[in-house]
Amino acid sequence: LKADGKVIITPTAEEMKAWDIDVTPEGTGLPSGSGTPSQGATIFTQKCAFCHGDKGQGGLAATSEVLVGTKPWFEKGNPRSVAPRTIGNYWPYATTIFDYVRRAMPFDKPGSLTNDEVYAIVAWLLNQNKIIGDNEVMNAQTLPKVQMPALDIFVPDPRPWPEVQ
């Protein structure tokens, strides 16, 4: 406890490592493990369908996101969204899906999925969005190679990252 009343807690190296789980678009940070769409279907039904619907179409929760859909979310010349932003029409990188699912899902137990479960769920989601085939295996080598349909709608930010002290 400092004189100004603030508590300073310095995390241990082990605690820092547990939080250092970011994954880049190129796949840096992806852990070992693997999963297929068929494995993901079972896990999705058990752990995701309540909120997202049995086919990723949206579920019972008020904040439920539609995950599956390939209809373009916008039309050129029409500034209004015409479809929900889904994995199949909006997300630019498959690795970002892995990163998000691993950190934030399921909603009631974020971070509780194993790496194999996350790879399997991501494989199922990519398959349902017609991005990968039924028998493809997602892992640290294959996931970064997935070409997302919406990649070209994003413009890279040319600004340099600030130095971290």
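Bear in mind the structure is a predicted one, so any value in this text is a computation, not a measurement. (Residues numbered from 1 in each chain as written. Predicted model: local features only at pLDDT ≥ 70, side-chain atom pairs only at ≥ 80, totals over all residues. Heavy atoms only, no water.)

A.B. asks: I keep staring at the overall build of the protein and nothing clicks. Help me out?
C.D. replies: On a plain count of helices and strands, the protein comes out with five helices and two strands. The order of α-helices and β-strands along the protein, N terminus first, is α-β-α-α-α-α-β. Reported as C-alpha extents along the three principal axes, the dimensions of the protein are approximately 60 × 40 × 35 Å. Expressed as a percentage of the 165 residues in the protein, the buried residues total 33%. If you take every contact in the protein between residues at least 6 apart in sequence, the share linking residues at least 24 apart comes to 54%. Accessible area of the protein: about 11,200 Å², with a carbon and sulfur share of 57%. (Helix = DSSP H or I, 4+ residues; strand = E, 2+ residues; numbered from the N terminus. Buried < 20%, exposed > 50% of the residue type's maximum accessible area, 1.4 Å probe, protein only. Contact = heavy atoms within 4.5 Å. Areas by Shrake-Rupley, 256 points an atom, 1.4 Å probe, with all protein chains shown as cover.)

A.B. asks: Looking at this structure, how should I read the packing of helix α2 (residues 37-47) against helix α5 (residues 115-128)?
C.D. replies: Here α2 crosses α5 at 100 degrees, and the two axes come no closer than 7 Å. The angle between α2 and α5 places the two elements in the roughly perpendicular class. Taking contact as the criterion, the partners of Pro37, Gln39, Gly40, Ala41, Ile43, Phe44 and Lys47 in α2 are, on α5, Glu117, Ala120, Ile121, Ala123, Trp124, Leu125 and Asn127. The residue inventory of the contact of α2 with α5, partitioned by class, reads nine nonpolar, three polar and two charged. (Axes fitted to C-alpha atoms, helices over the stretch in contact; angles between N-to-C directions. Parallel < 35°, antiparallel > 145°, perpendicular 65-115°, else oblique. Nonpolar A, V, L, I, M, F, W, Y, C, P; charged D, E, K, R; others polar.)

A.B. asks: Help me understand the side chain of Asp99, please; the structure alone is not making it clear to me.
C.D. replies: Structurally, Asp99 can be placed in helix α4 (residues 94-104). At 3.3 Å, the side chain of Asp99 forms a polar contact with the backbone nitrogen of Val23. Leaving out residues up to four positions away in the same chain, Asp99 has contacts with Ile21, Asp22 and Val23. (Polar contact = N/O pair within 3.5 Å; in protein donor to acceptor, adjacent residues only side chain to side chain.)

A.B. asks: Help me understand the layout of surface pockets, please; the structure alone is not making it clear to me.
C.D. replies: One number sums up the size of the second largest pocket: a volume of about 310 Å³. As for the second largest pocket, its lining consists of Thr24, Pro25, Pro92, Tyr93, Leu151, Phe154, Val155, Pro156, Asp157, Arg159, Pro160 and Trp161. Partitioning the lining of the second largest pocket into residue classes produces nine nonpolar, one polar and two charged. (1 Å grid on protein atoms, 1.4 Å probe; cavity = no way out; pocket = protein on both sides within 12 Å on 5 of 7 lines; lining within 4 Å. Points joined across faces, edges and corners; volume = space filled by probe spheres on them.)

A.B. asks: Teacher, can you tell me more about unusual backbone geometry here?
C.D. replies: A negative phi holds for most residues other than glycine; trans holds for most peptide bonds. Between Met105 and the following residue, Pro106, the backbone shows a cis peptide bond with an omega angle of -10 degrees. Secondary-structure assignment places Pro106 in the loop between α4 and α5. The backbone of Lys130 shows a phi angle near 60 degrees, a positive value even though the residue is not glycine. Mapped onto the fold, Lys130 is located in the loop between α5 and β2 (138-139).

So yeah, pure geometry; function would need other evidence.
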